[in-house]
Amino acid sequence: MKHKLIILPIPLPRWLELIETLTLAERSAFTYLVAVYCRDGFLPNDDKVLAQIARVSLRGWLKMRPRLALKFPCEGWRWPEIDATIVRREKISGKRSDAGAKGNFIRLHGMHNKRRA
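Everything in this summary refers to the structure shown in the same document. These numbers were taken from a predicted model, which means no experiment stands behind them.

Moving on, we come to helix α2 (residues 24–40). Because an α-helix completes one turn every 3.6 residues, residues spaced three or four positions apart along the sequence face the same direction. Counted at 1.5 Å a residue, the expected span for α2 with its 17 residues is 24 Å, and the 24 Å between its end C-alpha atoms agrees. For α2, the full list of buried residues reads E26, A29, F30, L33, V34, V36, Y37, C38 and D40. Within two residues after α2, G41 carries a phi angle of roughly 90 degrees, on the positive side.

Summed over the entire model, instances satisfying the criterion amount to 7 aromatic pairs. Plain terms: the ring middles of W61 and W77 are 5.6 Å apart, the flat faces sit at 40 degrees to each other, and that makes the pair tilted. Note that W61 is positioned in helix α4 (residues 58–69) and W77 in the loop between α4 and α5 (80–116), a separation of 16 residues in sequence. Residue class for W77 comes out buried when judged on its relative accessible area of 4%. Pairwise contacts between aromatic rings join W15, F30, Y37, W61, F72, W77 and W79 into one cluster.

Attention now goes to unusual backbone geometry. In this model, R55 sits at a positive phi of 60 degrees, which is unusual for a non-glycine residue. Checked against the element boundaries, R55 lands in the loop between α3 (47–54) and α4. You can call R55 exposed: its relative accessible area is 60%. Phi is positive for W77, which is not a glycine, with a value near 60 degrees.

Scanning all chains against the criterion turns up 5 salt bridges. Across the pair E26 and R67 runs a salt bridge whose closest N-O atoms are separated by 2.9 Å. A residue pair is termed long-range when its members are at least 10 positions apart, and E26 in helix α2 and R67 in helix α4 qualify at 41 residues. For R67, a relative accessible area of 37% translates into the label partly exposed. Of the charged contacts, one joins R65 and D47 as a salt bridge, the two residues approaching to 2.6 Å between their closest N and O atoms. Placement of R65 in helix α4 and of D47 in helix α3 is noted, with a sequence separation of 18 residues between them. Exposure remark for D47: the relative accessible area of 26% places this residue in the partly exposed category.

What counts as what
- Residues numbered from 1 in each chain as written.
- Predicted model: local features only at pLDDT ≥ 70, side-chain atom pairs only at ≥ 80, totals over all residues.
- Heavy atoms only, no water.
- Helix = DSSP H or I, 4+ residues; strand = E, 2+ residues; numbered from the N terminus.
- Expected span 1.5 Å × (residues − 1).
- Buried < 20%, exposed > 50% of the residue type's maximum accessible area, 1.4 Å probe, protein only.
- Phe/Tyr/Trp six-rings, centres within 6.5 Å; stacked < 30°, edge-to-face > 60°.
- Salt bridge = Lys/Arg side-chain N within 4 Å of Asp/Glu carboxyl O.

Right under this line is the structure:
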């Protein structure tokens with residue numbers, strides 16, 4: 001599977017603000033959750049899977065879940081800002097792919113025409 005993003009599109013000052021009230025364990029879990037969200041473009045709404053992603057026990061996850069859920073701007077573990085970055089990244093990638101295909105087509109047909117001449 002191709003990764004949606006390979007960067008964390010949250011400015012450092014904002015990131016520090018997001019994690020400042022979290023415990024060390026919550027910071028670690030939150031970091032893993034955001035990283036997987038950036039990579040895959042979504043988080044499942046399944047506590048067992050979220051606990052695995054956060055690398056904590058299910059019991060530990062259920063304790064920290066309410067505080068971490070507050071850090072995600074939208075219900076259902078959604079983050080519109082990251083979603084928008086993914087959409088922009090996919091548009092850029094698509095444009096580059098189209099330009100490359102067009103360039104290859106022109107190059108190959110140009111070479112083909114030269115051979116006939």
